[in-house]
Every structure is written in structure tokens, then in C-alpha cells.
Amino acid sequence: IASENRARMIDAAAARVTISDADQNLLYHPHTSTSVTADQARSIADGNREAVQLAIAAANLQHSNWDIVYTTEAFGVPNLADLGYLSKVLTFSARSNTDAGRADDAIADVRAGFSQSAAMMHEPLRVMLINSIFFAYQHTDALKDVLNRSEPSATALASLASTINESLVES
């Protein structure tokens, strides 16, 4: 994966998501970060720390998939289930970090989620756009939770604003 390719880095993060038997129903069904217990959110976040860190690293990259064309047409589309699981894991990680008093880390999780959504908006298949919009809504809810229950630093909020301005406003 080219180090400058945000979308492919996010795909790699999504592929690393692991789901324990106890937590499968939380990822398969439409739960939000605030509809699970603190212990459940922490368990999912802790079990997927590597995927979360990779997604956060990808959020620091600029767009690089504006004109991507899959060499195998529709069969080259990233795994939508994996991307969906990553989006939920990021919201659960934001919840867990907020619960632990780590507001800036929670903002980093939300920022990674918005970056994931933005990267998906520029994929060539329409189904990616639809999922992208849904993921943006998930992370909007996670952001509201973080802001309602904690006080992130100005630096963290400026970073999030930069991601939103770069990625989402135009869409």
C-alpha cells in the first residue's frame, strides 16, 4: 500500500478488525457508541487497538484516491462489511476514550472516522458513497457524545475541523 494513499490505508485498517464471539452482535446490528455499555465499548476498542491506530494514521494523509479505477471493476471494491466494522470500532473507541477522560484521543478516533467516510466518498462505486454518508452520521453522533461529556483541547478540535473542511464540506 502506498504510504500516501489514505483510502487503501483505511482498507488495511478495516481488514485488521477482529470480532470476539461475545461482541459479534454489537457489530452486526445497528448499535451506536452510546447504546452499548462502557465495558463493551472498551472491550471492542482494546481488541482492535492496532486497527484504530492505523485508521488514525491514515487520517493524517491527504486525499489520494480522487480518480481511482479498480482493475477488476466491481470485484475490486473494498470489503464493505470490514469498512462498516471499522467505522463502528472507531465510534466505540471514541466512547471508551471519552469514558476514560482521554478527550483528545476520542477526537482522534472521530477524526479517523470522518476521514474514512471522506475517502469512501471518492470511490467509483455508488454503494461506497451511500455507506460513506452513513458512516459520517455515525461519527457525527460519536462527536456529539465526546463534546457533551468531555473537553478536548483546541489543538485536537482544530485537527478535526481541518479534516472536516478538507474532506466533508465539499461533499
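Chemist: Tell me about the overall build of the protein chain, and please be specific about residues and values.
Modeler: Assigned secondary structure in the protein chain consists of eight helices and zero strands. Walking the protein chain from its N terminus toward its C terminus, one meets helices and strands in the order α-α-α-α-α-α-α-α. By sequence separation, contacts in the protein chain at least 24 residues apart represent 81% of the contacts at least 6 residues apart.

Chemist: How would you sum up the packing of aromatic side chains? Please name residues and give values.
Modeler: Considering all chains together, one arrives at one aromatic pair under this definition. Ring geometry for F134 and F135: centres 6.1 Å apart, planes at 55°, overall tilted.

Chemist: Could you give an account of helix α3 (residues 38-47), with specific residues and numbers?
Modeler: Here α3 has its buried residues at A41, I44 and A45. Angular distribution of buried residues about the axis of α3 spans 100°; they occupy a single face of the element.

Chemist: Can you tell me about the nonpolar core, naming the residues and giving the values?
Modeler: Ranked by internal contacts, the top residues of the largest apolar core, which has 29 residues, are I10, V17, A55, L83, L86, L90 and A112. Put simply, the parts of the chain that give this core at least two residues each are α1 (6-15), α3, α4 (49-59), α5 (80-99), α6 (103-121) and α7 (126-149). Sorting elements by how many residues they give to this core places α4 first, with seven residues. Ranked by size, the runner-up nonpolar core spans ten residues in total, among them V110, V146, A156 and L160.

Chemist: Before we move on, can you summarise the side chain of R111 with the specific residues and values?
Modeler: Relative to the helices and strands, R111 is located in helix α6. When near neighbours in sequence (up to four residues on either side) are disregarded, R111 contacts A59, N60, S159, L160 and T163.

Chemist: Account for the packing of α1 against α6, naming residues and giving values.
Modeler: The N-to-C vectors of α1 and α6 enclose an angle of 120°; their axes lie 9 Å apart at closest approach. Our classification of the angle between α1 and α6 gives oblique. As α1 packs across α6, the resulting crossing turns out to be left-handed. Facing R6, A7 and I10 of α1, the residues of α6 in contact are S115, Q116, A118 and A119.

Each value, and the rule that gives it
Residue numbers run consecutively from 1 along every chain, following the written order of its sequence. Per-residue local features are limited, in this predicted model, to residues with pLDDT of at least 70; the limit for side-chain atom pairs, both in listing and counting, is 80 or more; totals at the level of whole chains, interfaces and linings are taken over all residues. Hydrogens and waters are ignored; side-chain quantities use all the structure's heavy atoms. Only runs of H or I of at least four residues qualify as helices and only runs of E of at least two qualify as strands under DSSP, and these elements are numbered from the N terminus. Whether two residues are in contact is decided by their heavy atoms, any of which lying within 4.5 Å being enough. What counts as a ring pair is set by centres within 6.5 Å for rings of Phe, Tyr and Trp (its six-membered ring), and what kind of pair is set by the plane angle: stacked under 30 degrees, edge-to-face over 60, tilted for all other angles. Exposure is judged per residue with a 1.4 Å probe applied to protein chains only, and the accessible area is read against the type maximum: over 50% gives exposed, under 20% gives buried, and values in between give partly exposed. Relevant arc is that of directions from the helix axis to the C-beta atoms, nothing else. Definition of nonpolar core: a set of buried residues of the types Ala, Val, Leu, Ile, Met, Phe, Trp, Tyr and Cys, connected through side-chain atoms within 4.5 Å. Axes here refer to lines fitted to C-alpha atoms; in helices the fit is confined to the stretch in contact. Angles between the N-to-C directions go from 0 to 180 degrees. In this scheme, roughly parallel covers angles under 35 degrees and roughly antiparallel covers those over 145, while 65 to 115 is roughly perpendicular and the rest are oblique. Crossing handedness is defined as follows: a turn of the near helix away from the far one that is anticlockwise and smaller than a right angle gives a left-handed crossing, while the clockwise case is right-handed.

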